Amino acid sequence: MNTSTRDRYSLKHYTRLIISFFGCLVILSIYQYTTLYFKGVVDMIFSASFFIAVAHQLGFASVVAMILLFPFNFFENLRPRYGLNIVFVLLIFLLVIEAMLISYYLTALVPLGSDLLGYSFADIKTTVSNSGGASFLPIVGVLTIMGLFFGLYKLSSRYYHHIGRMYPFTIILFSLFISTLFLDGKPINQNKSQYLAVNIYNSTTEEHVYQADAEYPLIKNDNTPNVLGEYFELKEEKPNIVFIIVEGLGRDFVGEGAEYGGFTPFLDSLSQKSLYWENCMSTTGRTFGVLPSMLGSLPFGKSGFMELDEYPNKLTMFTILKNNSYHTSFYQGTNGSFDNVDQFLISEDVDFIMDKGGFGSEYEMQAGNDGGFTWGFPDKELFRKSMSLERKGDKPRMEVYLTISNHEPFMPPRQDFYEDQVEKILKQGGFDSRVEKIVKKNDNVFATLLYTDDAIKYALEEYKKKPGYDNTIFVITGDHRLIPIPLRNTICRFNVPLIITSPMLKSHKKMSGISSHFDVAPSLLALLGGKYEMKMPKKVAWIGGALDTNAEFRGVKDIPLMINKNDLNEYISGEKFYTDGKVFSIDENMNLGGSFGGSNIKEKLDAFKSINEYVTLNNKIIPDSLAIFTLKKEKFTDTEMVWLNSLNNGYNSDVYYIIARDFAHDRKYDKALLVCRYILSERPRHVDTKILMGRVNAWRGNRDVAVELLRECIAINPDYVDSYSALFDVYFWDGRHKDALELIELVQQNSSSANEITDKIERARREARKAGVALTKKPKKQKETEIVAALDE
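Residues numbered from 1 in each chain as written. Predicted model: local features only at pLDDT ≥ 70, side-chain atom pairs only at ≥ 80, totals over all residues. Heavy atoms only, no water.

**Q** Lay out the overall build of the protein with the relevant residues and their values.
**A** Within the protein, the secondary structure is distributed over 26 helices and 16 strands. Sequence separation of at least 24 residues holds for 76% of the intrachain contacts in the protein that already meet a minimum separation of 6. Here the protein has roughly 34500 Å² of accessible surface; of this, 53% comes from carbon and sulfur atoms. (Helix = DSSP H or I, 4+ residues; strand = E, 2+ residues; numbered from the N terminus. Contact = heavy atoms within 4.5 Å. Areas by Shrake-Rupley, 256 points an atom, 1.4 Å probe, with all protein chains shown as cover.)

What follows is the structure in structure tokens.
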């Protein structure tokens, strides 16, 4: 076969590969639109949007063909079929990536973009494992794509028309790609791989240089008006403040006029006898932003404030209230390391932190998905655990809850019961056909809403039984609007209810002015400062201000919005909304009007971006003189840092833990302890590291230090049996038989894995009998109080 004949032969097969690749992309688009149709998101499959998606897939296939043409020719010239096989593998890989991204889109209803860069691998693994739809394709899926691609390749030989020359072929491909650039693409019809690549490129190359003279551009006098004072009859003692931040609780599900109303009956009722903001905005489209924004009115940083490598000086309600003799606490049923929540709370010197590890064996985890993964403990269990803990009456309290049940995979306790309730509500009527269809297709989501609503009702009823209830203010809001249910528009992703209720309320009111989570901390602190002698900062750096208490709809605020990590591209200014490069009007129902020009919102957003980047990366939110609490990180010498960095490329607590463990097993105790200190400087609640430090100290004879460390581990995670195992050993070596007997009761009460250390439990009993030691039983409540006290210390 001569060279020209071989080139024509190779080109023919290359073109068949690209045609097959495009055919698979079209089939994936059909799969996307079909799934969206049966979920009630789109009205038809083969709509104009679908054909635009096909055009975009054609453009993507064309640009891939042009890019791969050169390596194809290069390897074909080296050896026949090398290039063909390499391109075949690469196209299969691209199809698998596209299928994964479409799967993500079908769950999140937004394409994956640069927010991917804002999550650690552990966070991505947790999210993927727990989201019922966004799973990395199993082997069956990959084989299906391979079979489909190969089948289309074989089929193409029957209908392939010979393209004679390379030059016209490249011109055709280039023209097809260029033509798609002029199509108006939306996330639903864009190629998801292309969207991801372009979004990451734009995010990583975007720069905003701060050029003003002010060293601390956010600093201002705290002149926040006390807009809440007229609604409260505050008592002489400072009030307790309880925040309940509800996963996925959007305005579309709560209150009068809710698009999907009827599935939160308790909150609907509560909103009518409370202070209720129906047009409150979360500041981020996912959970990562709610704590810094609502409790500290803080800027975002590049990927969310809690993702910053080092936290700048800041003021939040945690530190300000703790400085005014409040006891601060935080409760969640999930892993505290997700989104760096634990790091943020530690930087705030929060007195008590309870996460997934702090429940014990009496509490039942949320059901796992098909892969057995679960986020942690459902909402009612979270409140039940919290209510079991004693609350001392000598200090006012600030308590913050972050719930999880209203999240993929939407599998609440008693799911059948709540799905039956959904069906009964639908039978009562009053829903338009579109909403009814969506509810039926997503009955597990609405069942979860009913469950969460019941859990919040339970929490407030239990608080009524606690001392100080009459002097408590409750703040209930969503972190963002849940994702799987179709949105009318982008702004609905941020629109959440804000309910402030209390036995001290003098009147109730519905507010329709646009406010945001940025306004919550300034408003509550102004309320306290208006009544009590408080040590308040003279200057603040709030992004927000006072909540808008206007009963009629209006917009008078500037609100930057970060829909995903690394994606700060939405902005509210007055009654206008900037998104996707366009400006829309906002009406009283949060509907968006036609786009128009002549607005300076883009300039406002760019100005905020430059300030946001400058203050968070350069520690310029507030000066040292205004900081109430600064986290004192462990200091290491230059020599120690060089040695620590030589052990592993980059920081990974689990890798460093294995290194420390190996040093300890080799009896290199000084090196083991140094690596442990390094781990804890970044992850202060890394329990395995603390246990290892306890063991090493015990082996070196520092038994009291070991006991203190291991008791702290039990306080952090009462269910984790390794802490008890290590402490049993220390008590045995030290002859502390009474302590060992008390530990038996504690491990059996709290750990679901106590049977794994039966040998050590029996040894403790045996040694106690030999020593003639008996145990005086303590009440269960006293034991739980001791756990809390240990963690407080």
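Let's pick the thread back up.
**Q** Please give an account of the nonpolar core that cites residues and values.
**A** Core analysis: the largest hydrophobic core is formed by 87 residues, its most contacted members being Phe-232, Phe-243 and Leu-291. No other element matches the 6 residues that helix H16 (residues 520-529) contributes to this core. Among residues more than four places away in sequence, those in contact with Phe-232 are Leu-275, Ile-473, Ile-500, Ser-502, Met-504, Leu-505, Lys-506 and Leu-527. One finds Leu-249, Phe-253, Leu-389 and Val-445 within the second-largest nonpolar core, a separate group that totals 50 residues. (Core = buried A, V, L, I, M, F, W, Y, C linked by side-chain atoms within 4.5 Å. Buried < 20%, exposed > 50% of the residue type's maximum accessible area, 1.4 Å probe, protein only.)

**Q** Please set out the pattern of salt bridges residue by residue, giving values where relevant.
**A** When the charged atoms of two side chains with opposite charge come close together, those side chains can pair. Counted according to the given criterion, the structure contains 37 salt bridges. Where Asp-558 meets Lys-604, a salt bridge forms, and the shortest distance between an N and an O atom there is 3.4 Å. You can see Asp-558 sitting in strand S12 (residues 558-561) and its partner Lys-604 sitting in helix H17 (residues 601-617), a full 46 residues away along the chain. Its relative accessible area of 36% is what places Asp-558 among the partly exposed residues. Relative accessible area serves as the criterion here: at 27%, Lys-604 is assigned to the partly exposed category. Among the ionic pairs, Glu-767 bridges to Lys-770, the shortest N-O distance being 3.6 Å. (Salt bridge = Lys/Arg side-chain N within 4 Å of Asp/Glu carboxyl O.)

**Q** Could you give me a rundown of the packing of aromatic side chains, with the residues and numbers involved?
**A** One pass over the full model with this rule turns up 35 aromatic pairs. Both rings, one in Phe-46 and one in Phe-50, keep their centres 5.1 Å apart while their planes meet at 90 degrees; by these two values the pair is edge-to-face. Taking relative accessible area as the criterion, Phe-46 reaches 47% and is therefore assigned partly exposed. Judged by its relative accessible area of 4%, Phe-50 falls in the buried class. Ring centres of Tyr-331 and Tyr-401 lie 4.9 Å apart, and the angle between their planes is 20 degrees; on these two criteria the pair is classed as stacked. Of this pair, Tyr-331 sits in strand S4 (residues 327-332) while Tyr-401 sits in strand S6 (residues 397-402); the two residues are 70 residues apart in sequence, bridging distant segments of the chain. Summarising the burial analysis for this pair, Tyr-331 and Tyr-401 share the class buried. Taken together, the aromatic side chains of Tyr-331, Phe-352, Phe-383, Tyr-401, Tyr-463, Tyr-469 and Phe-474 make up a single cluster linked through ring pairs. Positioned above the aromatic ring of Tyr-37, the side-chain terminus of Lys-437 is 4.3 Å from the ring centre. (Phe/Tyr/Trp six-rings, centres within 6.5 Å; stacked < 30°, edge-to-face > 60°. Lys NZ or Arg CZ within 6 Å of the ring centre and 35° of its normal.)

**Q** Let's hear about the environment of Phe-608: which residues, and what values?
**A** Examined against the element boundaries, Phe-608 turns out to sit in helix H17. Between the C-alpha atom of Phe-608 and that of Tyr-571, which follows or precedes it by 37 residues, the distance is 9.8 Å. Those residues in contact with Phe-608 that sit more than four places away from it in its chain are Phe-300, Ile-543, Pro-560, Leu-568 and Tyr-571.

**Q** Provide a residue-level description of the sheet that holds strand S14 (residues 576-579), including the pertinent values.
**A** Overall, antiparallel pairing links the 5 strands, which are arranged S12-S13-S14-S15-S16 in an open sheet. What marks the edges here is a single partner per strand, and that holds for S12 and strand S16 (592-595). Each adjacent strand pair in this sheet contributes to an overall mean axis angle of 25 degrees, direction not counted. Looking at chain direction, strand S13 (residues 570-573) and S14 are connected through 3 bridges and run antiparallel. (Pairing = 2+ DSSP bridges. Axes fitted to C-alpha atoms, helices over the stretch in contact; angles between N-to-C directions.)

**Q** Account for a nonpolar patch on the surface, with residues named and values stated.
**A** On the surface, Trp-699, Phe-732 and Trp-733 cluster together into a nonpolar patch covering about 280 Å² of accessible area. Examined against the element boundaries, Trp-733 turns out to sit in helix H23 (residues 721-734). The class of Trp-733 is partly exposed, set by a relative accessible area of 36%. (Patch = residues over 30% accessible without salt bridge, like charges linked within 9 Å, V, L, I, M, F, W, Y side chains within 5 Å.)

**Q** Any details on helix H7 (residues 192-205)? Residues and values, ideally.
**A** Given a rise of 1.5 Å per residue, 14 residues ought to cover 20 Å, and the 20 Å separating the end C-alpha atoms of H7 matches this to within 8%. The set of residues buried in H7 consists of Lys-192, Ser-193, Leu-196, Asn-199 and Ser-203. Within H7, the buried residues cover an arc of 135 degrees as seen down the axis, which keeps them to one side. Measuring from the backbone nitrogen of Ser-193 back to the side-chain oxygen at the start of H7 gives 3.1 Å, which picks out Asn-191 as the cap. (Expected span 1.5 Å × (residues − 1). Arc of directions from axis to C-beta. Polar contact = N/O pair within 3.5 Å; in protein donor to acceptor, adjacent residues only side chain to side chain.)

**Q** How would you summarise the environment of Ala-664 if you had to cite specific residues and measurements?
**A** Relative to the assigned elements, Ala-664 resides in helix H19 (residues 653-665). Judged by relative accessible area, Ala-664 falls into the buried class, the value being 2%. Residue contacts for Ala-664: discarding those within four places in its chain leaves Tyr-669, Ala-672, Leu-692, Val-696 and Trp-699.

**Q** Hey, could you go over the pairing of strand S8 (residues 495-501) for me, with residue numbers and the actual values?
**A** Counted residue by residue, S8 has 7 buried out of 7 residues, so it is predominantly covered. Covered by surrounding structure in S8 are Asn-495, Pro-497, Ile-499 and Thr-501 together with Val-496, Leu-498 and Ile-500, the residues of both alternating faces. Both strand S3 (residues 275-281) and S8 contribute to a ladder of 5 bridges, which runs antiparallel. Counted as the bridge partner of Cys-280 is Val-496 from S8. As paired elements, strand S7 (residues 472-478) and S8 share 4 bridges and run antiparallel to each other. Counterpart to Phe-474 in the pairing with S8 is Thr-501.

**Q** Which residues make up the side chain of Ser-516, and what are the values?
**A** Looking at the secondary structure, you find Ser-516 in strand S10 (residues 515-516). Of the residues examined, Ser-516 reaches a relative accessible area of 1% and is grouped as buried.

**Q** Can you explain the pairing of S6? Please cite residues and give values.
**A** Of all 6 residues that make up S6, 6 are buried, and the element is covered over most of its length. Residues of S6 alternate between two faces, with Arg-397, Glu-399 and Tyr-401 on one and Met-398, Val-400 and Leu-402 on the opposite face, all of them buried. As judged from the 6 bridges shared by S4 and S6, these two strands associate in the parallel manner. Its bridge partner lying in S6, Gln-332 is registered against Leu-402.

**Q** So what's going on with the packing of helix H12 (residues 379-388) against helix H15 (residues 443-463)? Residues and values would help.
**A** Orientation of H12 relative to H15, taken along the N-to-C sense of each, is 15 degrees, at an axis distance of 8 Å. Taken as axis vectors, H12 and H15 run roughly parallel relative to one another. For the crossing formed where H12 meets H15, the hand is right-handed. Residues Asp-379, Lys-380, Glu-381, Phe-383, Arg-384 and Met-387 of H12 lie in contact with H15, whose contacting residues are Tyr-451, Thr-452, Ala-455, Ile-456, Tyr-458, Ala-459, Glu-462 and Tyr-463. When grouped by side-chain class, the residues that make up the contact of H12 with H15 number 8 nonpolar, 1 polar and 5 charged. (Parallel < 35°, antiparallel > 145°, perpendicular 65-115°, else oblique. Left-handed = near helix turned anticlockwise from the far one by under 90°. Nonpolar A, V, L, I, M, F, W, Y, C, P; charged D, E, K, R; others polar.)

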